[in-house]
Amino acid sequence: MRIDKFLKISRIVKRRTVAKQITDKGRIKINDKIAKSSSNVAQGDVVTIGFGNKTLKIKVNSIKENAKKDEADQMYDILAENYKENFNN
């Protein structure tokens, strides 16, 4: 499955167009390699996502074409969630 579609179905990103934009900016890595929006993600892959001041690292548990809200969080495990400190006050 394409990474942009996975991010939308798993509800990590609300819209697929937003997932495509952040992927094309080089903010998403699959197994430590910079991904394109058309890159495929598979079960067992480690995905790192950069959201502004937050970095999320997940492991893909399953790939589903459709997922209900309560099933979406079972598609991945969060391995790390880091926040950048803002010292410019």
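For the structure itself, look to the data block above.
Quick look at the structure, then. (Residues numbered from 1 in each chain as written. Predicted model: local features only at pLDDT ≥ 70, side-chain atom pairs only at ≥ 80, totals over all residues. Heavy atoms only, no water.)

## Section: the pattern of salt bridges
As a reminder, the rule being used: Counted as salt bridges are all cases of a side-chain nitrogen of Lys or Arg within 4 Å of a carboxyl oxygen of Asp or Glu. Only runs of H or I of at least four residues qualify as helices and only runs of E of at least two qualify as strands under DSSP, and these elements are numbered from the N terminus. Burial here depends on accessible area, computed with a 1.4 Å probe over protein chains only, as a share of the maximum for the residue type. Under 20% is buried, over 50% is exposed, and the range in between is partly exposed.
What the rule picks out here adds up to five salt bridges. Between glutamate 65 and lysine 5 there is a salt bridge whose closest N-O contact spans 2.7 Å. Of this pair, glutamate 65 sits in the loop between strand S4 (54-60) and helix H3 (69-72) while lysine 5 sits in helix H1 (residues 3-9), and the two are 60 residues apart along the sequence. Relative accessible area serves as the criterion here: at 25%, lysine 5 is assigned to the partly exposed category. A salt bridge links lysine 54 to glutamate 81; the nearest nitrogen and oxygen atoms lie 3.1 Å apart. Of this pair, lysine 54 sits in strand S4 while glutamate 81 sits in strand S5 (residues 76-83); the two residues are 27 residues apart in sequence, bridging distant segments of the chain. The exposure class assigned to glutamate 81 is partly exposed, which follows from its relative accessible area of 35%. In this structure, a network of salt bridges that share partners links the residues Arg2, Asp4 and Arg16.

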